[in-house]
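# Examination of the molecular architecture
Given next are the chains, with one letter for each unit.
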Amino acid sequence: MHTAHALENFEEVEGNMLPRFFEVVDKIDNVFFELSEFRMLPKTVQRSGINSTSISLPLPDECYSKLNDKAMSAFDSNFEHFREVVKGEDIYSEREELYKINHVNGKYDLWIPIPVEYYIDTDAPDVLQTAYEDSNLDEWDINKSLFNYMDSAINTKPYSDVTRDFSDYISATDDPILTQYWNDKTNSFNIELLLKHYADGMAHHSKDTQLIVGNLYSDFNSQALTEKLKEIFPKKPKSSGLIWLSKGDNSTWGRTSEFGALLESITSLFDNRKKTSKAVLALPCSSVSEAIEQRKVYRNRDIAPALIGCEKQFGGENCEVLLLPNIMVACLLHLPMTDERNISLPVGYVSFAPELIESVTSNIVRWASSDNNLNDFFEKRNTPPDDTVLYKYFSKILAQEQK
């Protein structure tokens with residue numbers, strides 16, 4: 001009598017039933033899964049230590065239960081996927097089947113930095129678009145389930161007072177462009193028109209002062225700024241140093257490796273023999289403990305700006321300014337998006353015009369001189385006054401004379 005199992009191990013060859021034979025080989029391999037749905041990570045995801053400028057996102061507690069069982073089931077169900085996509089094997093020329101899993105040994109968790117993009121289409125500025133920076137990940141996570149975990153970790157917040165924000169921003173930056181798109185009757189911006197003019201190249205104030213949209217360190221803006229500065233610096237041999245007045249909380253301001261890349265591209269142009277050749281980052285900070293956390297983010301092996309704390313942000317809580325005295329000023333107003341994520345639409349201007357640079361520089365000097373605006377929470381205890389960031393860098397960078 002032949003059992004069904006026995007018959008499965010024979011195949012017909014020229015009218016005869018011949019037994020089939022298999023070679024069973026033990027293999028040990030490392031497989032990496034993401035912990036939300038236990039999908040195998042593709043090769044394009046680089047496993048590395050967490051970047052300090054990343055935002056760490058915790059997963060729900062249930063993701064960490066029965067890990068070995070989940071790994072065994074996921075590997076069993078996706079063995080061919082593992083061979084083809086993860087291992088890069090040709091599954092058609094070399095047939096290989098999974099017989100059984102003998103043992104699963106969990107090792108360790110790894111931090112996986114996954115760059116994501118939030119962007120808008122100029123034809124639909126009220127709709128925030130999302131994507132992985134790596135297009136391969138869009139195919140791997142087609143339903144964006146992992147992205148949704150990340151997205152949900154970004155806190156929602158109520159709208160700020162746009163009228164107040166705009167008034168504070170204009171008084172600090174003298175922006176000659178955004179005023180053209182502000183409606184006093186409705187107390188709002190005509191964002192649709194601004195973005196249309198931006199896309200059409202029609203929103204420039206002058207040859208030296210142009211509209212800027214998006215974070216300063218985004219690829220397009222960063223490249224444009226760096227190329228222009230490379231042209232200017234040889235003509236300004238006496239000037240160096242930058243002051244970046246920004247916001248350092250857990251929003252998306254500066255929380256990306258591109259932030260450090262832009263800093264590096266600019267500071268590399270400085271003459272290091274000058275005492276002013278330093279990047280100074282001014283951040284809102286109200287305690288020593290907050291300063292410690294901020295320092296972990298903005299002082300690392302990739303970037304090392306000098307940090308100085310302020311009680312009240314220059315130009316209001318949604319203003320950002322990058323100043324290179326005598327060379328360039330870039331000012332952004334971070335407008336809230338209508339979907340209430342803690343993500344803003346940065347719009348403003350970049351200028352190489354001496355009168356605007358001088359005006360913003362003077363405004364920063366007055367702001368810094370006001371009582372209780374700057375503090376020493378980033379300084380080590382008992383730092384002599386002459387060794388503080390305020391004395392060594394901040395004040396001296398601002399005081400550079402026009403050459």
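Presented here is a report on the structure given in the accompanying data block.

Calculation notes
- Residues numbered from 1 in each chain as written.
- Predicted model: local features only at pLDDT ≥ 70, side-chain atom pairs only at ≥ 80, totals over all residues.
- Heavy atoms only, no water.
- Helix = DSSP H or I, 4+ residues; strand = E, 2+ residues; numbered from the N terminus.
- Buried < 20%, exposed > 50% of the residue type's maximum accessible area, 1.4 Å probe, protein only.
- Contact = heavy atoms within 4.5 Å.
- Areas by Shrake-Rupley, 256 points an atom, 1.4 Å probe, with all protein chains shown as cover.
- Core = buried A, V, L, I, M, F, W, Y, C linked by side-chain atoms within 4.5 Å.
- Disulfide = S-S within 2.5 Å.
- Lys, Arg positive; Asp, Glu negative; His and termini not counted.
- Salt bridge = Lys/Arg side-chain N within 4 Å of Asp/Glu carboxyl O.
- Phe/Tyr/Trp six-rings, centres within 6.5 Å; stacked < 30°, edge-to-face > 60°.
- Lys NZ or Arg CZ within 6 Å of the ring centre and 35° of its normal.
- Expected span 1.5 Å × (residues − 1).
- Pairing = 2+ DSSP bridges.
- Axes fitted to C-alpha atoms, helices over the stretch in contact; angles between N-to-C directions.

### Digging into the overall build of the chain
From N to C terminus, the chain includes twelve helices and 14 strands. The proportion of buried residues among the 403 residues of the chain is 41%. Across the chain, the fraction of contacts at a sequence separation of at least 24, relative to all contacts at a separation of at least 6, is 69%. Counting every atom, the chain has about 23,600 Å² of accessible surface; 49% of that belongs to carbon and sulfur.

### Focus: the nonpolar core
Residues Leu178, Phe189, Val280, Val321, Ile364, Trp367 and Phe394 are the most contacted members of the largest nonpolar core, which totals 48 residues. Among the elements that line this core, the one with the most residues is helix 11 (residues 354–369), at six residues. Excluding residues within four positions of it along the chain, Ile364 makes contact with Leu245, Phe314, Val321, Leu323, Phe394 and Leu398.

### Looking at unusual backbone geometry
With the exception of glycine, the majority of residues adopt a negative phi angle, and the majority of peptide bonds are in the trans configuration. For Asp174, which is not glycine, the phi dihedral falls at a positive 55 degrees. Classification of Asp174 by relative accessible area gives partly exposed; the value is 32%. Not every positive phi belongs to a glycine, and Asn382 is a case in point at roughly 65 degrees. Its place among the elements puts Asn382 in the loop between strand 14 (374–375) and helix 12 (389–398). Overall, Asn382 belongs to the exposed group, its relative accessible area being 72%.

### With respect to the state of the cysteines
In this structure the tally under the stated criterion is zero disulfides. No disulfide involves Cys331; its sulfur sits 6.2 Å from that of Cys319, the nearest cysteine.

### Quick notes on the side chain of Lys236
Along the chain, the position of Lys236 falls in the loop between helix 8 (219–232) and strand 8 (242–245). An unpaired buried charge is present at Lys236: no salt bridge exists, and Glu358, the closest side chain of opposite charge, is 9.6 Å distant.

### A word on helix 5 (residues 145–152)
Buried within helix 5 are the following residues: Ser145, Leu146, Phe147, Met150 and Asp151. The inward-facing, buried residues of helix 5 abut strand 3 (116–121), strand 4 (124–132) and helix 4 (135–140).

### A closer look at the pattern of salt bridges
In total, this model carries ten salt bridges according to the counting rule given. Among the salt bridges present, the one from Glu293 reaches Lys296, with a minimum N-O distance of 3.2 Å. Residue Glu293 and its partner Lys296 are both found in helix 10 (residues 288–298); the two are separated by three residues, about one turn of the helix.

### Thoughts on the packing of aromatic side chains
The geometry of an aromatic ring pair is captured by two quantities: the separation of the ring centres and the angle between the planes. Scanning the model with the defined rule gives eleven aromatic pairs in all. A centroid spacing of 5.0 Å and a plane angle of 70 degrees characterise the contact between Trp182 and Phe189, whose relative ring orientation is edge-to-face. For the ring pair Phe233 and Phe270, a centre distance of 5.7 Å and an interplane angle of 55 degrees mean the geometry is tilted. With Phe233 in the loop between helix 8 and strand 8 and Phe270 in the loop between helix 9 (257–267) and strand 9 (279–284), this pair connects stretches of sequence that are 37 residues apart. The side chain of Arg39 reaches across the aromatic face of Trp140, ending 4.6 Å from its centre.

### Focus on helix 8
An ideal rise of 1.5 Å per residue puts 20 Å on 14 residues; helix 8 measures up with 20 Å between its terminal C-alpha atoms. Tucked inside the fold, the buried residues of helix 8 contact helix 7 (191–200), strand 7 (209–213), helix 9, strand 11 (319–324), strand 12 (328–336) and strand 13 (344–351).

### Thoughts on the sheet that holds strand 14
What links the strands of a sheet is backbone hydrogen bonding, and the strands pair in either a parallel or an antiparallel sense. Read from one edge of the open sheet, eight strands run 7-13-12-11-8-9-10-14, paired in mixed fashion. With one partner strand each, in any of the chains shown, strand 7 and strand 14 form the two edges of the open sheet. The pairing of strand 10 (residues 306–310) with strand 14 spans two bridges and is classified as antiparallel. Bridge pairing in strand 14 links Cys310 to Leu374. Along the sheet, helix 9 makes contact with strand 8, strand 9 and strand 11, crossing strand 8 at roughly 160 degrees. Running at roughly 90 degrees to strand 10, helix 12 makes contact with strand 8, strand 9, strand 10, strand 11 and strand 14 of the sheet.

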